[in-house]
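Secondary and tertiary structure notes
Chain residues, written in single-letter form:
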Amino acid sequence: MHADDDVEHQIRAELSRVVESARSRRSLRERTEGGDDDATRRQLSELGILDAMLPDGPGLAGGGLRHVLAAVEEAAVGLVAPDLLVSTLALWTGLAAQPRPGELRQILLGPTAVAWPGVLAGAESVRQADRSVTGRLGYVPAGLSAQHLVLVLPDASGAVVCLVTLDNARREALPVLDLSRPAAVLELRSAHTRELGCLSPAELTRLRAAWLVAIAADCLGGMRAAHDAAVGYARQRIAFGRSIGSFQAVRHRCADMFVDVETTRAVVRGAIDAVDEGGEDVDALALAAASHAMEVFSRVAESSILVHGALGFTYECDAHFYLRRSYSNAAATGGVDRLRAELAIG
Amino acid sequence: MTGEPAALRAEAAAWLREHAPRFAADGPAPLSPFEVVDEARERELVELARRWQRHKFEAGWGALSLPTTLGGRGLSRADDVMFTDEESRYHVPTHVLEVTTRMVLPTLVHWSPEKRTSIEGIISGREVWCQLFSEPDAGSDLAALRTRATRQRDGTWTVTGQKVWTSWAHLAQRGYLLARTGADGHGGLTAFELDMAAPGVSIRRIRQMTGASTFNEVFLDQVSLPVDAPIGPVGQGWAVAMTTLMNERLAVGADQIPYDELRAEAARRGRLHQPDVAAGLGAIRARRIVLEQLRQQMVQSVRRGGDPGPEGSAAKLFLAESVLEAARFARWLIGPDIVVDDRWSQFALAWPGIKNAGGTDEVQKTIIANRILGLPKEG
Ligand SMILES: Cc1cc2nc3c(=O)[nH]c(=O)nc-3n(C[C@H](O)[C@H](O)[C@H](O)COP(=O)(O)OP(=O)(O)OC[C@H]3O[C@@H](n4cnc5c(N)ncnc54)[C@H](O)[C@@H]3O)c2cc1C
C-alpha cells in the first residue's frame, strides 16, 4: 500500500506553491509562448527535485521514483517545468546503468533529453557505430536546450545506455501539438557518445516500467487540473438562472471525471510502489497504469473543454492545453492499443 | 418552375460539374472549418466565395427557394438542401457564406421580404453577414441576452451591448442582431439588421484552440440603427431567431466528416487493407451515409410543407459525435505523428467547435426530451 510519507507530502506542497505562484504571475497562454519565467525556474532548481533520486551511499538509497514522480505529477497540474519529465527519465535511466559520478553530474546539469527506439516514438533511425551515433530524432522534448541525450539502444543481450554529446547536433524547433512541452528535431552526425553501462533484459523491463509510470504520473497531474477547472466552472457559470453544475448532465459529467481521476491515482501509485520495491507484477502494473492514464486523461480533458462551452474551444481558457498534453502523451508512447496488447499477450 | 426532384438534382449535378471546378480553391480541401489559414488566404477565399455565389445567382442556381419576385425560382427549401449537397462534392469555399446564405437569407425571406436590397445583396454575393446572438452571459440560455436596443424619438434605434463567438464578423458587411427591446425573457426581444461598419461597432478576434480564428467578440457602443432596421415585428425576436435555428439544423451536412481524406491518408500510409484500419474507416463511412439519409428524411418533411422540426436535433447530435469519432480515428491512424502541429493535429482538435456551434449536446438532448418525447422537465 502506498501511503504518503512526509517527504512526498512536502514535495507535493512545495510544487503546489510553485504552480500557484507561476499561475499568479502569468497565464498559461503566456507561459506556453515563453516557457517558465525566471522565478519559476529558480524556485524549481532550489527544490533540487532530481536530487531526490540520487544514491546517498552505495546502491539506490535515495527517495526512489516515488518522490520525484510526486513532483512530476504536481508540475503537470500547472503545466510548469516542461523538461522535468524527460530529465527524470534521463536521470533514472542513467542511474540504472550505474555510471561514474562525473557522468551523473553531466546528466544532472540538464536539461538532458532522452531517446529509446521502440518505447518513445521518433528515434527509430538512430544507429550506433564505435563511439558515435548517427540518425534523425523526429521528436525530442527538451531537445532545443539539452546539452546531452541519454540514449537506450536495445541489443541482443538487453541494451546499452549511452550519453550522447549534443554540441554538434543540428537542432530545429518543432511546431508541436503539446504547446506546454517544447520539442525539437535533432540530426545527429557521428555524435560523440560515451557508454554508461549495459542493462540485462530484466533491468530493461524494470526501466521501461519506470518510464511508463512516469508518463502516467504526468497524465495524472494534467487530468487533476482539467477536472478541477471543470468543477470550478460548473459551480460558477450561470445559465437558465442556475449554476450549470445543478444540471444533471453537467453533474454527471463531473462525476465521471472524478472516477477517472481516482482510478488513475490508485493504479499510478500502485505502479510506482511496485517499481520502487521491485515487485514481481511491476510490468503488468506499469502497462495498466500507463494505458489507463493515457486513455482517461484524454477523456477528462475532452470533458473539461465541453463543460466550458464555446469558451473551452478557445485560447481564453486553459482547457485545451491539457487536451494537447493528453493527446501528445498517448501518441508519443505509440498509443494505448499497443500497451494493452502487450499487457494481454506480453 | 417546379421540376421533379430527381430531374432537378441531375440538372444541378450537370451544371456543377461544368462550373464548380473553376471556382474550386487550390490546395487540399481543409479537414475542418477550423484549420488555420493566414489572413491573405482568408481574404482570397472570401472573394472566391462571393464570386461563386454571384455566378450561381446569374445562372439561376443562387436562390432556388426564393420567390421569383425576389430573384429566386420559387422552389422548396428542400431543393436548396439538395443543391448544397451536390455542391459539397466540390472544394468551393462556401463555408464563409454559410451563415449568410443558409441562416440569414431564409430568415429575411420569411420575416422581412420587404428588405429587398439586403436579400439581393446576399444572393448576388455582394455582402457577407454574421449572426450576433450569443453573449458572454447568454449562450445555451439565449433568452438571457442583455444587449439593449432603445427606440429614439425619431424612430431610430440605439444599441449598446456585447456579443461573442460571432462567426465571420471580421469579414461581414452586415450583422443580424438579436437585442432586448422590452422586458426580460423571450417576449422582450427584437431582431435587427446592422451595418457592421457603423460607428460604435468594434471587433476583437478570438483565437480558437486549433489556432484558427473564425469567430470574434463584437462590442456595440451606442450604435445607431435606422427606423427600418428591425427584422420582423418588434417584440417578435424570439420567433425570428427560432426560424434561423430551424434552418441551421437543415445545414447539418455530412461533408463535415472528412471520410475521403481519412481513407486517402490510410492508403498513403499503406494501411488501408489492415482489417482494423478498414473497419474504422467503414464505421466513419457508415456514419456519413446515415447522416445523409437522416437529412433526406428532414428534407422530405420540408417538401411536404413542414419545418425541419426538432428531428434536426438528432441530426446535429449525430453529426457532432461523428466528427469526434472521426477525430479519434485520425489520432489512432496517424499515431506518433500527431505530436507535430499540422493539419491532422488541427483536425484532432476541431471537434469541440462543432459540438458547441448551433447548440451543445446537452441542449439538443433537452429539446428531444422536452419537445419530442414529452418527458417531464428537469426540476
Ligand atoms: C465554432 C463556433 C461558432 C459559433 N458561431 C456563433 C455565431 O456565429 N453567432 C452566435 O451568436 N453564436 C455562435 N456560437 C456560440 C454558440 O451558439 C454557443 O457556444 C452555444 O450556444 C453554447 O453557449 P455557451 O458557449 O455560452 O455555453 P454555456 O451555455 O455556458 O454552456 C456551458 C456548459 O453547460 C451546459 N449546459 C448549459 N445549459 C444546460 C442545461 N440546461 N442542461 C444541461 N447542460 C447545460 C452546456 O451544454 C455546456 O456543456 C458559436 C460557437 C462555436 C463553438
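Residues numbered from 1 in each chain as written. Chains lettered and ligands numbered in written order. Predicted model: local features only at pLDDT ≥ 70, side-chain atom pairs only at ≥ 80, totals over all residues. Heavy atoms only, no water.

1. Quick word on the interface of chain B and chain A
With 38 residues of chain B at the interface, the matching set in chain A holds 38 residues. A buried area of about 3,100 Å², summed over both sides, lies between chain B and chain A, and 62% of it is on carbon and sulfur atoms. Of all residues in chain B, Arg207, Met209 and Val339 of chain B bury the most surface against chain A, accounting for 23% of the area lost on that side. Counting across the interface, chain B meets chain A through 5 salt bridges. Note that Arg237 of chain A is salt-bridged to Asp137 of chain B, the shortest N-O span being 3.8 Å. With 5 residues, helix α11 (residues 351-356) of chain B is the largest single contributor of residues to the side of chain B that touches chain A. Here the residues of the side of chain B that touches chain A sort into 18 nonpolar, 10 polar and 10 charged. (Contact = heavy atoms within 4.5 Å. Buried area = accessible area lost by both parts, 1.4 Å probe. Salt bridge = Lys/Arg side-chain N within 4 Å of Asp/Glu carboxyl O. Helix = DSSP H or I, 4+ residues; strand = E, 2+ residues; numbered from the N terminus. Nonpolar A, V, L, I, M, F, W, Y, C, P; charged D, E, K, R; others polar.)

2. Description of the UniProt feature "domain: Acyl-CoA dehydrogenase/oxidase N-terminal" (unreviewed entry) in chain B
Per the UniProt record, the feature "domain: Acyl-CoA dehydrogenase/oxidase N-terminal" (unreviewed entry) sits at residues 16-114 of chain B. Between the C-alpha atoms that bound residues 16-114 of chain B the distance is 31 Å, and the span itself is 49% helix and 0% strand. (UniProt positions renumbered as here; feature names shortened; annotations may be inferred.)

3. Some words on the domain arrangement of chain B
Residue and element names in this part refer to chain B. Per the domain assignment, the segments making up chain B are domain 1 (5-127), domain 2 (131-240) and domain 3 (252-372). Averaged C-alpha coordinates put domain 1 and domain 2 at centres separated by 24 Å. Every contact between the two is made by 21 residues of domain 1 and, on the other side, 24 residues of domain 2. A buried area of about 1,800 Å², summed over both sides, lies between domain 1 and domain 2, and 61% of it is on carbon and sulfur atoms. (Domains from an automatic or database assignment.)

4. Comments concerning the packing of helix α7 (residues 201-236) of chain A against helix α10 (residues 319-332) of chain A
Residues and elements named next belong to chain A. Here α7 crosses α10 at 155°, and the two axes come no closer than 10 Å. Taken together, α7 and α10 sit at an angle that is classed as roughly antiparallel. The handedness of the crossing between α7 and α10 comes out as left-handed. In this structure, α7 contributes Ile215, Asp218, Cys219, Gly222, Ala225 and Ala226 to the contact, and α10 contributes Tyr322, Arg325 and Asn329. Grouping the amino acids of the contact of α7 with α10 by side-chain chemistry returns 5 nonpolar, 2 polar and 2 charged. (Axes fitted to C-alpha atoms, helices over the stretch in contact; angles between N-to-C directions. Parallel < 35°, antiparallel > 145°, perpendicular 65-115°, else oblique. Left-handed = near helix turned anticlockwise from the far one by under 90°.)

5. Some thoughts on the state of the cysteines
All names here are of chain A. Overall, the coordinates contain 0 disulfides over all chains when judged by the stated rule. With no disulfide of its own, Cys254 has Cys317 as its nearest cysteine by sulfur position, at a separation of 13 Å. Note on Cys254: relative accessible area 11%, which makes it buried. The buried category is assigned to Cys317, whose relative accessible area is 7%. (Disulfide = S-S within 2.5 Å. Buried < 20%, exposed > 50% of the residue type's maximum accessible area, 1.4 Å probe, protein only.)

6. A short note on the UniProt feature "domain: Acyl-CoA dehydrogenase/oxidase C-terminal" (unreviewed entry) in chain B
Here the UniProt feature "domain: Acyl-CoA dehydrogenase/oxidase C-terminal" (unreviewed entry) sits at residues 235-373 of chain B. Each end of residues 235-373 of chain B is marked by a C-alpha atom, and these two atoms are 30 Å apart; helix forms 73% of the span and strand 0%.

7. Observations regarding the site of the ligand
If you check the shell around the ligand, you find 24 residues, and the closest are Arg237 of chain A together with Ser140, Trp165, Thr360 and Glu362 of chain B. Per-site note: the chains with residues close to the ligand are chains A and B. The contact in question runs from a nitrogen atom of the ligand to an N or O atom on the backbone of Gln131 of chain B, over 2.8 Å. A distance of 3.0 Å separates a nitrogen atom of the ligand from a polar atom in the backbone of Trp165 of chain B. Within the complex, 93% of the 980 Å² of free accessible area of the ligand lies under protein. When residues of the shell around the ligand are assigned to their parent elements, the largest contribution, 3 residues, is made by strand β3 (residues 157-167) of chain B. (Near = heavy atom within 4 Å. Polar contact = N/O pair within 3.5 Å; in protein donor to acceptor, adjacent residues only side chain to side chain. Areas by Shrake-Rupley, 256 points an atom, 1.4 Å probe, with all protein chains shown as cover.)

8. Topic: the pairing of strand β7 (residues 215-225) of chain B
All names here are of chain B. Inspection of the sheet shows β3 paired to β7 by 9 bridges, in the antiparallel sense. Looking across to β7, one finds that Gln162 is bridged to Phe219. Here strand β6 (residues 201-206) pairs with β7 via 6 bridges, running antiparallel. Its bridge partner being in β7, Val201 is matched across the sheet by Leu220. (Pairing = 2+ DSSP bridges.)

9. A look at unusual backbone geometry
All names here are of chain A. Following Gly110, the chain continues to Pro111 via a peptide bond in cis, the omega torsion being -10°. Of note, Pro111 is situated in the loop between α6 (101-109) and β1 (112-115). With a phi angle near 45°, Ala81 is a residue other than glycine that sits in the positive phi range. With respect to the element layout, Ala81 can be found in the loop between α4 (64-78) and α5 (84-96). Judged by relative accessible area, Ala81 falls into the buried class, the value being 10%.

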